[in-house]
Structure formats: structure tokens, C-alpha cells
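# Coordinate analysis (summary)
The chain contents come next:
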Amino acid sequence: MPNFCAALNCSRNSTHSVLAFFRFPRDPERCKKWVENCSRSDLKEKTPDHLNKYHRLCARHFEPNLITKTSPFRTVLKDNAIPTIFDNPSLKRSNNEKENKDAPEAKKSISDSQSEATKDNTEATTKEISESKNGDGVDSSPQVIDEETLNKEYLKSLFDVVVMMGTQNIPLHGHSDKEPRSKSFTPTNFQALLEYRINAGDEFLRKKFEGSPGNLEHCSSTQLQQMLEVMENCVREELLVEVKEGRFFSLVVDSLVEVGGESLLPLFIRFVDKTNCLREEFVGFLLFEGDVEAITERLIAEVTEKCGLDMQYCRGQAYLCSGVSAMKVKAVVARIAELHPLAVLTPCSSCSLNICLANTMTFTGVHLVMSTLKKLDAFFSKSPLLQNQLESAISIYYQGNEEKANVLKEACDSKWTEQHDTFEVAVDLLEALLLCMDSVHDNEDHKWSDEVAHNAFVISEALADFEFVMTLVVLKNTLSFSRAFGKNLQGQTNEVFFASSSLTAVLHSLNEVYENIEVYHEFWFEEAINLAAALEIPVKVPRLYFRKRPTSGEEIQPETYYKEQVTLPVVSHVIKELSDLFSENHLKALKSLSLVPAIMGLLKFNTAEETSADIYKDDLLNPDTFPAELHCWKIKWKHGTKDVVLPSTIYETLQLSDVKFFPNVCALLKVLYNLPVFALTNDKCSTAKQRLTTYLEDTPVHHRNKSMALFFINCAIKHDLDSMVEKYLKMYPDSEPSENRD
């Protein structure tokens, strides 16, 4: 790695010179003198350790008698060496005054030394010049670079560092923002990498900072923010090229997260790419602040202005939020559906329907159940030994039923807290879970850490609460009516198609429960009491209920309380949520799946797609020819494919070579494929959500950055540094990089 001289106006480096380069001393007083003499005021605030590690002075700045050559390959300084030879008038005057006070003998000695130094320097200079010539005597020394080129290359280096930090998930700051930055702290990661790059030989960065005034940073916060904005634009532009070509897309809003001290909603775009694969890409964060109208406007602006998409081509919406935020997001989605009726609300394929329904409930008991399930998932993911402890507890409780024990153990090896039958499994596991938590918390053999034992205690307290038990039983029984329906929605394409026809039966069953709530609640309450008795949990009304309401003199019975506060609200919420999720337009879209050849075959080619597809007539290339084209499409698969396996998914159908001869059918299938209810084609198309999860898990809250998250999640995107520089100069034409440092 080449070394560069830190002295003002000295451009020597070890690549083009045979001179020795010396590290700044660690001794504070001596190091301070070095900094003063070399006239670099921007180094005054650096610590001696930092200067020793990153900065050098070449031998030209030292008196020859201070330099010792210990071997042909090693040159060292004397312990008290101070650099005094600089092209600095004020420093020369200071040295001359000092020389006038010295004795004549000292003057003579110094004069002799300077003569020798002059001779050595002349020889060294001659050698440098000769080395800079090639064999033909042509000068190969570095050419003079104009200011415009220097600025561009300087910006390119800055962008290169930030891109690398983003894709590798290196926080811009190296310490907590809560703590004041002072001399005792290391520089930020960004500043440290810039200095490392300068010392590694980045000549453009080096030239830009030579002779700069006293500044602590190489890049101001304003300039860095401008760069991040430019990089975001470049990433989105590259990311959404195929979305704009295909026109149609859907929006997916993920759970609320905290980034940079703000509550934000991650926003994903679903679309069909040019290979007809369904993809989901992360495009940024949406500020979750203000009322529903403000958030709606902000979301539309994000999609239209930042992403450059047209909302009239949005065909689907889905959200994965939970609790209070879910109700607000749902209101935003409903508002967008009013403005754009074809942007239908659907469940998201990445979340089971029953979990989605439970997450949108704001009731205290449901929140307790869902938060405890998340804690259980995090708890058992920490160590296989904890999983073994749970399996041992299952074996104890199911000694006489080995088959059931094996089923539960197998369920625990998967993400059982996110499945369609989560609440059924939770009821069956409850006794074993409580035994496992108590055993870990007791920690009699000191097998677990204090943190693990404490987490086990917190979960145990939640499990041993009758409110938890009763709510879990109500969720299990209520959502049992939608379990098979939700499973089909995440199944094969034909299962999704037939699920749309079974919704009426699901809603009919739930309405029957609601109309006979007294009877159903009595059975569910008895089930909860029996389960609580097995766990030795007292049946009582939650303490919070009495704290929130003044004493009325009338004692409320637990059975009445849980009917009014849990059973009735849960059943009514599920009915309403299913009705909202499966609007008329959504059901029509699902019925249009009969265009898929395998579903046509199952229906004996007796289908009526014209009726169900009329909502998308404006999306067709030629709506007038659609009936005739559809007739030919049916004939093709009914009579022309003997002994041929019919394509069973939209993806398989779109991959057919002759589908291009049916442009309206092809267009309609692509529009349908955008809906969030359909599973992504393969794992490569769903990495965005996984990388977001990784970013949030691996990055402390105070180090999170919206722009850096975007770069990390979309690390596979090609980054064109030259394009970033051009965009930066175009967006900020009056910004002079070298003068924008704080």
C-alpha cells in the first residue's frame, strides 16, 4: 500500500519516490509539534493513535542528522526527531530566529548538515526523475488533472465507499448517536473508510483534501444526505425498469419498524418481470405519521414521484401490520381503493390468513396471545437445547399417546407460530410449554444463562394467565372455520380458484356462530376452564378491567366478561375482515383464474370468463376481440392437446411459446398474477423481505438508516458510479464538494 506525505503542499508518495516515510509519534507533545510544523490544521483534533495509524511524513521534512539507516532496507528516526523543513514562510522565520540564538559551532554543524542534506536531496530528486522516465526517455509522471475531472473522480470515490458500506451493512456511524462525539471516540465508519482509502492510494481524494482548512470531517452531513438521495434514485430507477415496462403492479406494506427515530412502514412492489416471473422488491420506507389522509397522500406520492409509477395501474394491495397500526393502514388501503377501485385488497401470500386475521385485532387478550407467540418463536430459535427441552416436556405430557407427541414435535421443528393451525397447536402444546418454561426458569442445574431464564419467566407468566387461555381457545374455535379456506389460498392455483367459491360457506358458518353466541361461548368457556384447571390457573377477570373502571358495586362474572370482551368481538371482527378482504372485485379476479388450462379442464371447459373478467376490460390489448380469442383458447386446450399435461399455474401458462398468439388472454393473466394473494415464483424472487428481516435483526436501532437499508436489501442491483456522479452534479449544480465540509 503506498504512503502519502501529510505535509501541506507536499505531494510525494511511496509509489513515485524512494524516500522513507515516517509515522506520526504516539507521544502527545511530540505529535502536537509535528502537526503544527506540517501546517495541517485539520489534523489538530486527531488523536496521536489515529495520526500514528493513518498519517506519514516523508524524509524530506527532517534534518539529515535525525535520520538513521539501520540496514539497507530500514530507515528510522531518532527518538526526539521533529520535522522542520517545510515550504512555509512563517515556519522558516521561526526556525531562523531559533538559529540566530545558537552558538557559531552549532550554526556550522547545521550548515554542514544542510549541505549534506542538499546533496542527498539532489541525488534523491535525480533518482526520482530518472525513475519517472521510461526506457525511451518519455516522461511518464502523473498528468495534471483539471478541476472538473478531479471533482467527478472525488465524488465517484465517495459514492463507491457509501455503496460498499450499504451493501455490506456497515453503519455510517461507528458509535452510538446518543453519546456525544469527542476526541476520545473513533471517527465515524464513513470518515474512517475515507481516510483509509486516501492512505491506500486514492489520489483524487488525496488531492481534494490537501491544504484544506481546519475541518474534522471529509464530507459534510449535508453532502452525504444529498449523495444518499441520489443513490436511492439510482437504485429505484434500476429496480423498477421492468415494472414500468409491464405497467401493472401491486403494493405490499409490511409491519411497522423504527428507523432513525421514526416509525416507518416498509413498502414493497409486486410485479411480473420480462421473464413472466412474479417478483417482490423493496422500494423504501413510508413515514407513519399524521392522520389517514396524510399517510394516503404520502404513500401515493412515494409511488408516483419517487418510484415513477402510475397508480391507475395498481391492481392489488396487501398489508402485514398488526394491532392499532393495522387498523390505520387498513383505512389507508381502503382510501386508495376508493380512488383506484381496481387496487383490490387481498391477503398476502407470505402470511397465513388466520394469522393475518388475528394480527388485525386490537383487543387486549388477542394482543397478549400474539405477542406471546412471537416471544416463543424468538425464545426457541436461540438454541437447539431449548428445543430439546420442549420436546422432553411434550414426551412427559403425552406418555400414553406417542403418535400425538410425534406430531407436536414435528410441528415444533417448523415455524408453528405462523401456520394456519397455529392456535390448535398452541392449545395442544400449552401444558408442555408451561412445564418447559418453568423448568428453564428454575435453572436448577445452572444450564441456562440469566437472560434465557428471565425470558422463560416472562413467557411463563403470560401462559399462566386465564385471559391468555380463554382468548387462545376463542381464537382456535373461531378461526377453525377459516383454516381450510386460508390454506387453499396459499395452495395450488386450482385450490385458490375453488377457495373463492367456498367463501360464502365460511361466512355462513361464522354468522351462525354469531347468531348463537350464547351456546358457542358456553362450550368455549368450559373448554378454557378445563384447560386452566389442568394447569392450575385460577379463573378470574383481568386485573386491568377493574383498574380501568370505577367500582360500581356490581360484580361481573368471568363467563359474562369474556363473552362481551373476547368472544363477541373476535367473531364479529373475523366476519367483517373476511368480507373486506374478499370484495366483489377480488372474487371476480379469482374466478378469472379459469383461464388457466388445467382449471379449464377440471371445469370441463364450461366456463364464463367474459363475465368475471369484465373489470379488466380496459387492461386488454383489444377488448372487442376478447370473446372470439377466448373461444379459440378453449378449443386449443379441449381438442388440441391429447395426452398432454395441461399447464396448472399462471406462470406455466405464460411460459408457453404460443401464448403470444392470444394477446388478450396473456395480458389478463399477467394482470391477475400481480395480486399479492399469489405465492412468489421461487426463493430468488422473495429475497427482499428476508433481507429486510436480516437488516432489522442485525442492525441496532440507533445505527439504522433508510437509505443504507435500501442499498443492503437491493445489493444485487448494478451500481453505476459514473451515473451517480452525473445525477449528483445535475441535481446539485451549485454544490462544490470541497467547500461543503462542516
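Computed from a predicted structure; not experimentally measured.

We now examine helix α16 (residues 422-442). The periodicity of an α-helix, 3.6 residues per turn, causes residues three or four positions apart to be oriented the same way. At Leu429, α16 is deflected by roughly 55°, the largest bend along its length. Positioned one or two residues after α16, Asn443 has a phi angle of 50°, which is positive.

Here the structure, examined in full by the defined rule, presents 18 aromatic pairs. Each ring, one from Phe159 and one from Tyr728, has its centre 6.0 Å from the other, and the planes form 75°; the classification is edge-to-face. With Phe159 in helix α5 (residues 147-167) and Tyr728 in helix α32 (residues 721-731), this pair connects stretches of sequence that are 569 residues apart. Accessibility classification places Phe159 together with Tyr728 in one group, the buried group. Cluster of aromatic residues (ring-pair linked, three or more members): Phe22, Phe24, Trp34 and Phe62. Between the NZ or CZ atom of Lys636 and the centre of the ring of Trp637, over which it lies, the distance is 4.7 Å.

A word on the layout of surface pockets. The computed volume of the largest pocket comes to approximately 1,500 Å³. As for the largest pocket, its lining consists of 39 residues, and the residues nearest its centre are Asp254, Ser350, Glu418, Lys689 and Thr693. Every element with two or more residues in the lining of the largest pocket is listed here: β7 (262-272), α12 (353-359), α13 (364-380) and α30 (687-698).

This next bit is on the nonpolar core. Core analysis: the biggest nonpolar cluster contains 194 residues, and Phe159, Phe190, Phe249, Phe423, Leu578 and Phe678 have the highest contact counts within it. With twelve residues, the top contributor of residues to this core is α16. Formed by 23 residues, the second largest nonpolar core is a distinct cluster that contains Phe24, Cys31, Leu77 and Phe86.

Once that is clear, we can look at the packing of helix α21 (residues 517-534) against helix α23 (residues 558-581). Contact geometry for α21 and α23: axes closest at 10 Å, N-to-C directions at 115°. By the angle between their directions, the pair α21 and α23 is classed as roughly perpendicular. Where α21 crosses over α23, the two elements pack in a sense that is right-handed. Taken together, the residues of α23 that come into contact with α21 (itself represented by Ile517, Glu518, His521, Glu522, Trp524 and Phe525) are Pro558, Glu559, Tyr562, Lys563, Thr567, Leu568 and Val571.

Next up on the list: the packing of helix α19 (residues 480-489) against helix α20 (residues 493-515). Packing of α19 against α20 leaves a shortest axis separation of 9 Å and a crossing angle of 165°. One element, α19, and the other, α20, form an angle in the roughly antiparallel class. Handedness of the α19/α20 crossing: left-handed. Between α19 and α20, the contacting residues are Phe481, Ser482, Phe485, Asn488 and Leu489 on the first element and Glu495, Val496, Ala499, Ser502, Leu503, Val506, Ser509, Leu510 and Val513 on the second. For the contact of α19 with α20, a count of residues per class yields nine nonpolar, four polar and one charged.

In terms of burial, strand β9 (residues 314-319) is largely enclosed, as six of its six residues are buried. Bridge count between strand β5 (residues 249-253) and β9: five bridges; the pairing is parallel. Pairing of Phe249 across the sheet is with Cys314, part of β9. As paired strands, β9 and strand β10 (residues 344-345) are joined by two bridges and run parallel to one another. What sits directly across from Gln317, in β10, is Leu345. Remark: the β9/helix α11 (residues 323-339)/β10 crossover connection has right-handed handedness.

This part covers the state of the cysteines. Using the criterion set out here, one finds zero disulfides in the structure. Distance from the sulfur of Cys436, which forms no disulfide, to the nearest cysteine sulfur (Cys412) is 9.4 Å.

Residues with a pLDDT of 70 or more make up 84% of the protein chain, whose mean pLDDT is 83. Looking at the elements of the protein chain, mean pLDDT is at its lowest for helix α4 (residues 104-131), recorded as 40, and at its highest for helix α18 (residues 466-478), recorded as 96. Throughout residues 96-144 the model reports pLDDT below 50, and contacts reaching past four residues in sequence, or to other chains, amount to 28 contacts. Note on residues 177-185: pLDDT is under 50 here. Beyond four places in sequence and across chains, it has ten contacts.

What follows deals with the environment of Asn354. Looking at the element boundaries, Asn354 is found in helix α12. Relative accessible area serves as the criterion here: at 2%, Asn354 is assigned to the buried category. As for Asn354 and Lys487, which are separated by 133 residues in sequence, their C-alpha atoms are 9.1 Å apart. With near-sequence residues (within four places) excluded, Asn354 lies in contact with His420, Phe423, Leu479, Ser482 and Arg483.

A word on helix α6 (residues 189-199). Of the positions making up α6, those classed as buried are Phe190, Gln191, Ala192, Leu194, Glu195, Ile198 and Asn199. Elements in contact with the buried residues of α6: α2 (48-54), α5, α7 (203-209) and α8 (221-239). One or two residues past the end of α6 sits Gly201, with phi positive at roughly 115°.

How each quantity is defined
Residues numbered from 1 in each chain as written. Predicted model: local features only at pLDDT ≥ 70, side-chain atom pairs only at ≥ 80, totals over all residues. Heavy atoms only, no water. Bend = angle between axes of the 7 residues up to and from the residue. Helix = DSSP H or I, 4+ residues; strand = E, 2+ residues; numbered from the N terminus. Phe/Tyr/Trp six-rings, centres within 6.5 Å; stacked < 30°, edge-to-face > 60°. Buried < 20%, exposed > 50% of the residue type's maximum accessible area, 1.4 Å probe, protein only. Lys NZ or Arg CZ within 6 Å of the ring centre and 35° of its normal. 1 Å grid on protein atoms, 1.4 Å probe; cavity = no way out; pocket = protein on both sides within 12 Å on 5 of 7 lines; lining within 4 Å. Points joined across faces, edges and corners; volume = space filled by probe spheres on them. Core = buried A, V, L, I, M, F, W, Y, C linked by side-chain atoms within 4.5 Å. Axes fitted to C-alpha atoms, helices over the stretch in contact; angles between N-to-C directions. Parallel < 35°, antiparallel > 145°, perpendicular 65-115°, else oblique. Left-handed = near helix turned anticlockwise from the far one by under 90°. Contact = heavy atoms within 4.5 Å. Nonpolar A, V, L, I, M, F, W, Y, C, P; charged D, E, K, R; others polar. Pairing = 2+ DSSP bridges. Right-handed = clockwise from strand over helix to strand, strands pointing away. Disulfide = S-S within 2.5 Å. pLDDT = per-residue confidence, 0-100.

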